[in-house]
2 protein chains.
Amino acid sequence: MAAATPALSVAELIERHQDTLDRALAAIRSRDYWSPYPEFPKAYGESGAADGKAAFEALLGGVFALDGHPTDGELVGGETSPYGIELGISYPHATPDALIGALQAARPAWAAAGPAARAAVCLEILDRINKRSHEFGHAVMHTTGQAYGMAFQAGGPHAQDRGLEAVVYAFAEQTRLPERADWTKPQGKRDPLTMVKEFTVVPRGLALLIGCNTFPTWNGYPGLFASLATGNPVLVKPHPRATLPLALTVRVAREVLAEAGFDPNTVCLAAEHEGSTVAQVLAVRPEVKVIDYTGSTSFGDWLEANAKQAQVYTEKAGVNTAVVESTDNYRGMLANLAFALSLYSGQMCTTPQNILIPRTGIDTDEGSKSYDEVVTDLAAAIDGLLGDDARAAAILGAVVNPGVLQRTVQAAGGEFGELALTPRVVASQEFPGAAIRTPALVKVDSDKPDDRATFLSECFGPVSFAVAVESAEAAVELLRRTTAEQGAMTATGWTVDATVEAALVEAALDSGVSLSLNLTGGVYPNQTAAFSDLHGTGANPAANSAYCDGAFVANRFRTVEIRRHS
Amino acid sequence: MAAATPALSVAELIERHQDTLDRALAAIRSRDYWSPYPEFPKAYGESGAADGKAAFEALLGGVFALDGHPTDGELVGGETSPYGIELGISYPHATPDALIGALQAARPAWAAAGPAARAAVCLEILDRINKRSHEFGHAVMHTTGQAYGMAFQAGGPHAQDRGLEAVVYAFAEQTRLPERADWTKPQGKRDPLTMVKEFTVVPRGLALLIGCNTFPTWNGYPGLFASLATGNPVLVKPHPRATLPLALTVRVAREVLAEAGFDPNTVCLAAEHEGSTVAQVLAVRPEVKVIDYTGSTSFGDWLEANAKQAQVYTEKAGVNTAVVESTDNYRGMLANLAFALSLYSGQMCTTPQNILIPRTGIDTDEGSKSYDEVVTDLAAAIDGLLGDDARAAAILGAVVNPGVLQRTVQAAGGEFGELALTPRVVASQEFPGAAIRTPALVKVDSDKPDDRATFLSECFGPVSFAVAVESAEAAVELLRRTTAEQGAMTATGWTVDATVEAALVEAALDSGVSLSLNLTGGVYPNQTAAFSDLHGTGANPAANSAYCDGAFVANRFRTVEIRRHS
């Protein structure tokens, strides 16, 4: 049988996406705002929202088809939406050997395709995912608990941005050396020495993506596309509670790969029931040379210590600090912080957890405010923001899993300390089974050892601590120490004092965390924009890498040189 | 006391070296031949050679001064030249705590200096080292055993090239993000969101360079300058038998640092007696975040497994393979291979060890040659090259240490197999105590298990194996397997058959080793040129990194972002 002509010509794909690639290359240099993927839901056509919802609903209760994918015949699944509905979707299961074998078979052709073809295939995958952003929005919503608006944006175009960013970094890195170079070395009066040198990108091997429950696409796409663009077939191992968004991603990737004449098994899915330990098995397979992981510190540390055959990129837990020292826009500061603490019920790795406030109070454009006043006003700002149930639900989303829900119960019961703001249950008309809770704001004192033990560990979810500190200097020191010891994905500060600002900057640089200063408008501490902001630094215990920089892509491949006389 | 005005203005240094930096940036993109450091001894002035020798001789028997360097008062040393003379140089010793403390004190100012100032300081250091290349040549000669011509070139300008290459890669990597970027995100009819974002390079911490016996500068400068240029103070731990070249380097670095207003303890020396285990102590210090190492596989593996707090870059042992399948220039091939095996007595990590030759013979421009004829002709070529003692000494240099000398004795006694070429003792007029040996060429058969056990382990030094193989295909497979299992820094092939050439290329790409094809002139398999050739690939067990690419520098620092509203 003759090989079928690919439906998609790689040359055409390269041409189709050249402009996007060029613009993305310019964007990562300028760091100005840019995105090819509209973040407004209405940009996706008049029927886009309805079509996306219908596409999502058509998946419910069915068997998720992956043509030509390895399988042992078993079906796995069991996802339950944090909004209270069973998804009822079954995914094909395969043994580690079958998955690794299929990826290995796909490896040589993908490795040989070269950087330009791989970038074009990745951009086509992202483009098709982008067109289905509403469908992905529903998939993300009903696996993570994000409210639809956020699930659509963060799980759709913003995740695609981060994927594209990884592709363009990978492309840039792989093309720093010319494919071919002439070398002429003068030899005085003798003829020069001349050589022709060819530089070929050699991918590492297989890549494993271990997805997380809260941001399966946003946290998954950087590693997935960085590995794929550098020529490593990718095994996608989703979190068992958030399989669908990555399963859809795998399906689109496989469609594009097949149409472009590559083996669809260049991207495979390792779907598992909850409680499966297959990630540990896959992570130490000798064929697996790159691992991307987002999740708990304990498993991240395990991967770093045990998956020695692989390059391991981890994002783990941390404790994010905000320092409130002074402001010339008290209302703006409160509004910004209230939204930051409420968004997705604080279930972002970037949400501030500890709000450090000098015990002696702060200066504001509304006069001096005592610690208690600041805390009361912040509680009121959150209350006001979330006063209306429908609006509250649209900001909070739902609590992602029983563990987080349990913490809200503990907080509500005063287990973490005195409550400045008691969490309340928000009812959803549309999803009566949704677990929606407003945040708890707990008053603690940095001088009390019991309090310190509480607020210095990660308390993931809708619980924040208003931490009384001795002074601005003490706040800066606590930010530094918390970041250096516990890790942090973000740091935030409000101050109008140049000395305090300089100290905050110095502490951020010293402890290795990125810092947002005096946010009072529509940019929040927990949000980063691809092509401009780095997500994480890799310089503190919360993560060993960042989205996205040269270090995130440079070691996913190596370069082999072949040289000859001219 | 007021701080003294630095003797060197950093702004002036930046201007002074801007052109070299720009040219180096262009060179690493074009990969054409380029070097700012002349490799001809006469380029260093009429009295350059004599002055360098005198400067070296003035060091002998003395205490090596390092002004302001930490010390516990003890002096260490004991270097013996492979040419049979005692160097008698004593170096100041310091405890790990004192060294780490001094480097830590120097850290903040060097971290804050920024990429441009650091690059300029590094270029000034390299420039001053370059001017003293003859002195360094003698220091390298009398610690490594390299013949003077090679010690001068490889230990001088070529090492400086590799150092500059690391500096320029580090500079490029640190300046991929702008220092400051404006970000403007349209908001439809509302005012755009605007932010100012500052990106600051944050060095990892302290760096440790663990030097080797054979190429203290050539293998040491890439890591030393990559770490220094990315803002990490460097502790230089030389091999106890090759301290002088790195001690001189440290002294020049400290002079430039001090003159430019930095703490000279930004670069310190951990000199030790032979047998010291201080490297193990230093390597796991929490302050040490970057380690560069060249040496044995066992200690390299130990570092990778135990120095978990650090980024570890290693070059370890390997078994380099050459395949002789056919040639249209038999004499050129034999001459090239003879020189490659003889240069520095095969004591290069890049020297071919196993010469695979089909048992059925090869086709050449001089007709078919049987395996035995090829081996005999190669032995004759080596014999001819080294027939004159003075010329032999100038190529072979001296045997670096008693372990290697012992292997030449074993080889001469036939322990490794039948000798096609018996090593002989070369007498040196100038250095009667020098241990100079011509290479042994041992005939082995790839079908014999005992032979395989012998030639498949690294046999560092002047011992090569002429390995009879079944066919060209078997040779390619053996190259692939040896590289994948034992690691290799180089691979070499001679063939005029396009199919065999393609198979060699495929095997090199697959096993991750760079390949030189059909070398018959003045370029040898064991030589790589900075700015053009990669040294190592990081894709096989012989090394986890390469000189020099993005991956070698990208993770020596991180980036912290500070953002504010405009």
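See the structure above.
The structure displayed is predicted, hence computed values, not measured ones.

Peer 1: Sorry, what's going on with the relation of the copies chain B and chain A here?
Peer 2: Between the two copies of this chain, the relationship is a rotation about some axis together with a displacement along it. Overlay of chain B on chain A (RMSD 0.0 Å): rotation 180 degrees, translation along the axis 0.0 Å. In symmetry terms, the pair is related by a two-fold rotation axis. Taking C-alpha positions as reference, the residue of chain B nearest the rotation axis is alanine 551 of chain B, located at 3.3 Å. Both copies contact each other with a shared surface, as 100% of the interface residues of chain B are interface residues in chain A too.

Peer 1: Just checking my understanding: could you explain the sheet that holds strand β11 (residues 354-358) of chain B for this structure?
Peer 2: Whenever strands of a sheet pair, they do so through backbone hydrogen bonds, lying parallel or antiparallel. One open sheet holds the 10 strands; their spatial order is β3(A)-β4(A)-β19(A)-β18(B)-β17(B)-β10(B)-β11(B)-β16(B)-β15(B)-β14(B), and the pairing between them is mixed. In this open sheet, the two edge strands, each paired with only one partner strand, are β3 (180-187) of chain A together with β14 (418-421) of chain B. Strand after strand, the sheet turns through a mean of 25 degrees between neighbouring axes, direction not considered. With five bridges joining them, β11 of chain B and strand β16 (residues 463-469) of chain B adopt parallel strand pairing. Paired with asparagine 354 of chain B across the bridge in β16 of chain B is phenylalanine 465 of chain B.

Peer 1: What is the right way to look at helix α9 (residues 244-259) of chain A in this model?
Peer 2: Owing to its 3.6 residues per turn, the α-helix brings residues three or four apart onto one side. All names here are of chain A. If you check α9, its first and last C-alpha atoms are 23 Å apart, about what 16 residues at 1.5 Å a residue would give, namely 22 Å. Among the 16 residues that make up α9, 13 are buried, leaving the element largely enclosed by the rest of the structure. Of the residues one or two after α9, glycine 261 is the one with positive phi, at around 90 degrees.

Peer 1: It is not clear to me how unusual backbone geometry should be interpreted in this structure. Could you clarify?
Peer 2: Peptide bonds are mostly trans, and most non-glycine residues show a negative phi. Here the amide bond leading from tyrosine 547 of chain A into cysteine 548 of chain A is cis, since omega sits at -10 degrees, within 30 degrees of zero. Looking at the element boundaries, cysteine 548 of chain A is found in the loop between β18 (515-517) and α19 (550-554). Of note in this structure, arginine 31 of chain B is not a glycine but carries a positive phi near 65 degrees. Along the chain, arginine 31 of chain B falls in the loop between α1 (10-30) and α2 (48-59). Even without being glycine, phenylalanine 531 of chain B reaches a positive phi, approximately 70 degrees.

Peer 1: How should I be thinking about the pattern of salt bridges in this particular structure?
Peer 2: Side chains bearing opposite charge may pair, as long as their charged atoms lie close to each other. Residues and elements named next belong to chain A. Counted under the stated rule, the structure contains 69 salt bridges over all chains. Close ionic contact of glutamate 165 with arginine 162 constitutes a salt bridge, the shortest N to O distance being 2.8 Å. In this pair, glutamate 165 and arginine 162 are both assigned in helix α7 (residues 157-174), three residues apart and thus about one turn of the helix distant. Of the residues examined, glutamate 165 reaches a relative accessible area of 0% and is grouped as buried. Take arginine 162: its relative accessible area is 1%, and that puts it in the buried class.

Peer 1: What exactly am I supposed to notice about the sheet that holds strand β5 (residues 206-210) of chain B here?
Peer 2: All names here are of chain B. Reading across the sheet, the five strands line up as β7-β6-β5-β8-β9 and stay open at both edges, with parallel pairing between neighbours. Across the chains shown, the open sheet's two edge strands, defined by having one partner strand only, are β7 (267-269) and β9 (311-315). Averaged over all pairs of adjacent strands, the angle between their axes in this sheet comes to 15 degrees, without regard to strand direction. Strand contacts of helix α8 (residues 221-229): β5, β6 (234-237), β7 and β8 (288-294), with the helix running at about 165 degrees to β6, the strand carrying the most contacts.

Rules used in this analysis
- Residues numbered from 1 in each chain as written.
- Chains lettered and ligands numbered in written order.
- Predicted model: local features only at pLDDT ≥ 70, side-chain atom pairs only at ≥ 80, totals over all residues.
- Heavy atoms only, no water.
- Least-squares fit on C-alpha atoms with pLDDT ≥ 70 in both.
- Contact = heavy atoms within 4.5 Å.
- Pairing = 2+ DSSP bridges.
- Helix = DSSP H or I, 4+ residues; strand = E, 2+ residues; numbered from the N terminus.
- Axes fitted to C-alpha atoms, helices over the stretch in contact; angles between N-to-C directions.
- Expected span 1.5 Å × (residues − 1).
- Buried < 20%, exposed > 50% of the residue type's maximum accessible area, 1.4 Å probe, protein only.
- Salt bridge = Lys/Arg side-chain N within 4 Å of Asp/Glu carboxyl O.

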